[in-house]
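Structure assessment
As a plain string of letters, each chain reads:
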Amino acid sequence: MRIAIAEDDALLREGLALLLRSEGFDVVAAVDNPDSFLETLDSVDAAVLDVRMPPTFTNEGLQAAAEARRRRPGFPVLVLSAYVEDRYASGLLADGANGLGYLLKERVGRVAEFTDALRRVAAGGTVMDPEVISQLMSRRRADDPIRSLTPRESEVLGLMAEGLDNASIAARLVVSDTAVSKHIGNIFAKLGLSASDAGHRRVLAVLAYLRA
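Residues numbered from 1 in each chain as written. Predicted model: local features only at pLDDT ≥ 70, side-chain atom pairs only at ≥ 80, totals over all residues. Heavy atoms only, no water.

1. Quick notes on the environment of D42
- Here D42 lies in the loop between α2 (34-39) and β3 (46-50).
- On the accessibility criterion, D42 (71% relative accessible area) is exposed.
- In this structure the C-alpha to C-alpha distance between D42 and R71, which are 29 residues apart in sequence, comes to 9.6 Å. (Helix = DSSP H or I, 4+ residues; strand = E, 2+ residues; numbered from the N terminus. Buried < 20%, exposed > 50% of the residue type's maximum accessible area, 1.4 Å probe, protein only.)

This is the structure in structure tokens:
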């Protein structure tokens with residue numbers, strides 16, 4: 001898998017490149033600004049981007065991610081942030097959830113988690129940092145249908161937002177696959193996702209969770 005890294009911190013940039021190469025990724029480019037990243041777009045399969053890059057150090061990484069996906073619809077992007085910035089997490093999903101990830105930089109040190117997240121994003125999945133999910137959950141409006149979920153259903157939906165499949169959720173919660181399927185069915189019902197949305201309900205549920 002050919003990867004581009006865009007990170008202005010030289011030490012972290014080189015560290016990411018070394019880590020990913022050691023895990024079998026082909027790091028084609030490691031650059032320090034969004035313009036240089038976009039120049040590599042046609043030669044890579046996915047990208048890891050810092051949220052804040054030159055010149056203003058605000059949301060250049062997100063702008064670059066949006067531009068990359070405009071040029072190549074569905075292009076997989078894993079965005080890294082030093083802090084929980086949920087407005088950026090929500091903005092990242094504006095064009096759809098497939099092939100997108102948002103993680104705190106501290107996750108990079110958990111190599112297995114980080115590389116697994118990158119592989120899931122590259123495969124078209126959605127990966128959101130658990131801390132971002134936790135903060136978003138704490139800010140729900142009183143009339144938000146998400147608030148009708150039971151604690152266990154909220155937990156299952158949170159794990160769905162992290163990109164886990166049913167079997168992985170069952171293993172994490174130490175319950176049966178059948179129990180997970182039942183919880184997911186209840187989530188779909190409470191969020192008003194009909195059977196006609198069958199092919200997309202999982203993504204729609206995650207979007208409802210992150211955007212509401």
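Text resumes after the structure shown.
2. Considering the nonpolar core
- The biggest cluster of nonpolar side chains holds 22 residues, and the ones touching the most others in it are F37, L49, F75 and V77.
- Only β1 (2-6), β2 (26-31), α2, β3, α3 (60-71), β4 (77-81) and β5 (100-104) provide two or more residues apiece to this core.
- In terms of residue count, the dominant contributor to this core is α3 (4 residues).
- In this view, L49 contacts A6, F37, G61, A64, A65, V77, L78, V79 and L80; residues no more than four positions away in its chain are not counted.
- By size, the runner-up hydrophobic cluster in this structure holds 19 residues, among which are L19, A46, F114 and A117. (Core = buried A, V, L, I, M, F, W, Y, C linked by side-chain atoms within 4.5 Å. Contact = heavy atoms within 4.5 Å.)

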